[in-house]
Amino acid sequence: MRLCCMLVAIFLSLPLAAGELAYDLQPRQIATDTWLVEGSTENFAADNGGEIVNVAFIVTEAGVVLIDTGISRRYGEALRAAIGRITARPIALVINTHHHPDHVFGNQAFADVPIASLAGTRELLAAQGAAFADNMYRLLGDWMRGTEVLLPTQTLEPGVREIGGHRLRLLALRGHTGADLAIFDETTGVLFASDLVFYQRALTTPQTPGLDVWLADLAELEKLPYTLLVPGHGPVATGREPFAQMRDYLGWLDGLLREAVAAGKDMNEAMNTPIPERFATISLTRYELVRSVSHLYPKYEAQVFRRVDRRE
Amino acid sequence: MTIRSMGLALGWLLLSNSAWAGDADPLQSPMWSFHQTRFLGEAPYEFDDRVVLSAPPFAEDSRQVPVTIDATALGQEVVRIVAWAELNPIPHIFTFFPTGPVAPRIALNIRVEQATPIRAAVLTRDGAWHVGSTRIDAAGGGCTAPSAVRAQEGWEEHLGEVFGARFAQGDGSRLRLRIAHPMDNGLTAGVPEFFIERAELRGGDGAVLASLELHPSVSENPTLTLQLDGRDAGQQLWLRDNNGNEFEAAF
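Conventions we followed
Residues numbered from 1 in each chain as written. Chains lettered and ligands numbered in written order. Predicted model: local features only at pLDDT ≥ 70, side-chain atom pairs only at ≥ 80, totals over all residues. Heavy atoms only, no water. Contact = heavy atoms within 4.5 Å. Buried area = accessible area lost by both parts, 1.4 Å probe. Salt bridge = Lys/Arg side-chain N within 4 Å of Asp/Glu carboxyl O. Polar contact = N/O pair within 3.5 Å; in protein donor to acceptor, adjacent residues only side chain to side chain. Helix = DSSP H or I, 4+ residues; strand = E, 2+ residues; numbered from the N terminus. Nonpolar A, V, L, I, M, F, W, Y, C, P; charged D, E, K, R; others polar. Buried < 20%, exposed > 50% of the residue type's maximum accessible area, 1.4 Å probe, protein only. Pairing = 2+ DSSP bridges. Right-handed = clockwise from strand over helix to strand, strands pointing away. pLDDT = per-residue confidence, 0-100. Axes fitted to C-alpha atoms, helices over the stretch in contact; angles between N-to-C directions. Parallel < 35°, antiparallel > 145°, perpendicular 65-115°, else oblique. Left-handed = near helix turned anticlockwise from the far one by under 90°. Phe/Tyr/Trp six-rings, centres within 6.5 Å; stacked < 30°, edge-to-face > 60°.

1. Structural notes on the interface of chain B and chain A
At the junction of the two partners, chain B supplies 41 residues and chain A supplies 31 residues. A combined buried area of about 3000 Å² lies between chain B and chain A, and 55% of that area is made up of carbon and sulfur atoms. Looking at the side of chain B facing chain A, the largest losses of area belong to Glu60, Phe167 and Arg176 of chain B, adding up to 20% of the total buried there. On inspection of chain B and its partner chain A, the count reaches nine salt bridges. As a salt-bridge pair, Glu269 of chain A and Arg105 of chain B come within 3.2 Å of each other at their nearest N and O atoms. Scanning the region where chain B abuts chain A turns up 21 residue pairs in polar contact (both at pLDDT 80 or more). Of all elements in the fold, only helix H1 (3–15), strand S3 (65–70), strand S6 (102–110), strand S9 (162–169), strand S10 (172–179), strand S13 (223–228) and strand S15 (246–250) of chain B reach the threshold of two or more residues within the side of chain B that touches chain A. Looking at which element gives the most residues to the side of chain B that touches chain A, the answer is S9 of chain B, with six residues. Partitioned by chemical class, the residues of the side of chain B that touches chain A number 21 nonpolar, eleven polar and nine charged.

2. Some words on the pattern of salt bridges
Evaluated as defined, the whole model comprises 32 salt bridges over all chains. With a closest N to O distance of 2.8 Å, Glu60 of chain B and Arg291 of chain A form a salt bridge. Highlighted residues: Glu60 of chain B in the loop between strand S2 (52–54) and S3 and Arg291 of chain A in helix H8 (residues 285–304), drawn from two different chains. What makes Glu60 of chain B partly exposed here is its relative accessible area of 25%.

3. Considerations on the pairing of strand S11 (residues 190–198) of chain A
Residues and elements named next belong to chain A. The buried fraction of S11 amounts to nine of the nine residues, a majority that puts the element mostly inside the structure. Examined bridge by bridge, strand S10 (residues 180–185) and S11 share three bridges and lie antiparallel to one another. The residue of S11 that forms the bridge with Phe184 is Leu191. Between S10 and S11, which pair antiparallel in sequence order, lie four residues; one of them, Gly189, sits at a positive phi of approximately 80°. Sheet analysis places S11 next to strand S12 (residues 228–233), joined by five bridges and oriented parallel. Within the sheet, the bridge partner assigned to Ser194 lies in S12 and is Pro231. Regarding the hand of the β-α-β motif, the stretch spanning S11, helix H5 (residues 211–222) and S12 is right-handed.

4. A short note on the confidence of the model for chain B
Counting all residues, the mean pLDDT for chain B is 92, and 91% of those residues have values of 70 or more. Ignoring residues within four places in sequence, the model shows residues 10–21 of chain B, a span with pLDDT below 50, making 15 contacts including any to other chains.

5. Topic: the packing of helix H6 (residues 241–262) of chain A against H8 of chain A
Residue and element names in this part refer to chain A. The interhelical angle for the contact between H6 and H8, taken along N-to-C directions, is 55°, at an axis separation of 9 Å. With respect to each other, H6 and H8 are oriented oblique. The handedness of the crossing between H6 and H8 comes out as right-handed. When H6 is examined against H8, the residues Tyr249, Trp252, Leu253, Asp254, Leu256, Leu257, Arg258, Ala260 and Val261 are found in contact with a partner set consisting of Thr285, Leu289, Ser292, Val293, Leu296, Tyr297, Tyr300, Glu301, Gln303 and Val304.

6. Structural notes on the sheet that holds strand S8 (residues 129–136) of chain B
Residue and element names in this part refer to chain B. Read from one edge to the other, the open sheet built from nine strands follows the order S1-S8-S7-S4-S5-S12-S11-S14-S15, with strand pairing classed as mixed. A strand with exactly one partner marks an edge of an open sheet, and here the two such strands are strand S1 (45–47) and S15. On average, adjacent strands in this sheet sit at an angle of 15° to one another, irrespective of strand direction. Alignment of strand S5 (residues 92–98) against strand S12 (residues 208–214), held across five bridges, turns out to be antiparallel. Within S12, the position partnered with Phe94 by the bridge is Leu214. Along the sheet, helix H2 (residues 32–40) contacts S1, strand S4 (78–85), S5, strand S7 (116–124) and S8; its crossing angle with S4, the most-contacted strand, is approximately 145°.

7. Section: the sheet that holds strand S8 (residues 159–163) of chain A
All names here are of chain A. Strand order in the open sheet formed by five strands is S8-S9-S10-S11-S12, and the pairing between neighbours is mixed. Lying at the two open borders of the sheet, with one neighbouring strand each, are S8 and S12. Averaged over all adjacent pairs, the angle separating strand axes in this sheet is 30°, with direction ignored. In this fold H5 packs onto strand S9 (166–173), S10 and S11, with an angle of close to 165° to the strand it touches most, S11. Against the sheet, H6 contacts S11 and S12, and its axis sits at roughly 20° relative to S11.

8. Some details on the packing of aromatic side chains
Residue and element names in this part refer to chain B. Scanning all chains against the criterion turns up 13 aromatic pairs over all chains. Centre to centre, the rings of Trp32 and Phe47 are 5.0 Å apart; their planes meet at 50°, and the pair counts as tilted. Here Trp32, found in helix H2, pairs with Phe47, found in strand S1; they are 15 residues apart in sequence, far enough to count as distant. In this pair, the class of Trp32 matches that of Phe47, namely buried. For Trp32, a relative accessible area of 0% translates into the label buried. In this structure an aromatic cluster arises from ring pairing among Trp32, Phe39, Tyr45, Phe47 and Trp84.

Right, here's the structure in full:
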């Protein structure tokens, strides 16, 4: 009887697996020449195809500047087709803001154009890309078909770069991964903060060099005279609210880890710390707290633990 | 579904038709019956909420998954705690013998090779086992990943270093420790088993208060949390690995 149930369940799952997976990407104009493909604030899942990231592009006189390429080869191809429906201009430059899979795994669809990143981003992607790919295939399944790591071909230096009538100020920061690029379009006033700013979506910490480093980056970004902020995840904003939320959340996380270690709590206790009510609008807080404790607890323990062995 | 897991599932279907010696497994694991026989033998057992097994629902890092086992609800009746990861290549994690001021509560990090049920079986003085369970989802590979310790130049010179602290908690205290050791499990090519296999927490007079038998499902640089009645009980730690190296620490 149970065997029958199992076989029926297997057959029921077959049509799903055989269905055509397609991203429905709808770029939305958010400023002069500037378009956003806004992802959801969900986690990677087979039912969203990993369409959980913000990707943007600027249609300049010299061609399109694309900021990040999405989670998969299939996403990259859908993105290129969507850009083609907005403008006939060629892609002039693709930028990878940092090495995380949701920002760079669409690179293959742009293999014929220059793909640029910070030097550190290229190194990190070369070192960690294959492991990211393994995990994304596990989480997203067939959405990832054909996706392989394609490294950036050009290195970006911080400073102002003018492309087709847009003055782009490139800021080399570190707080999220150790090599994070933010782009401020001085011509339109749009700040592309990438994953240095998460808004209404819990921030992720697998490679942060430290929450203090991240806070320092935020202080630098917030000083920019932007009129529109595009976070890496979450809705765009004209005001300073995303920075206030980021500072509040990072401060809470830092304090939580410090206090848990000082009280002698183990990792599971820290992972189960109540989430303050004021963060109720932010998605995935518990999930990301579990991850952040995994990533950061040993560093906080090291500040409190002392050498106690007696060596001969 | 892999052929292996289908085989396991079929095995479970067959087993589940036979009569249970005790409760039915709440996780319906294909390997429960095998491990129950191996670790608990013929003794009576029950799945018991008083054994609280905490672990994250997913492994962010399959080489370092925190597991906490709290059987303090069973109090002084606890004789022994056995923990295992049901689908690991080396399932056995540890056997813990707390006595006197050492509470039946322990936390440490483990490796998982794939998504797996985790068990903690607690033996009480009446000869019965009380079992707590949870399940961890994982990308896996934690048992066969290259050692992070061995990747660091000069790691041998730090072997057996112990870092930690005692934390007051009410009338009692917690000991939290990290021991520098690769805990090699023999599953990485060319690297034989090399792991801490025994730890003892001793009083100031040398009397053993708790002993811990470790297996290499425990993560490298093992992190241990122990709970004690009293602010200064358990002043010495003694460790021995399977190569005969002994290490000591004091609090």
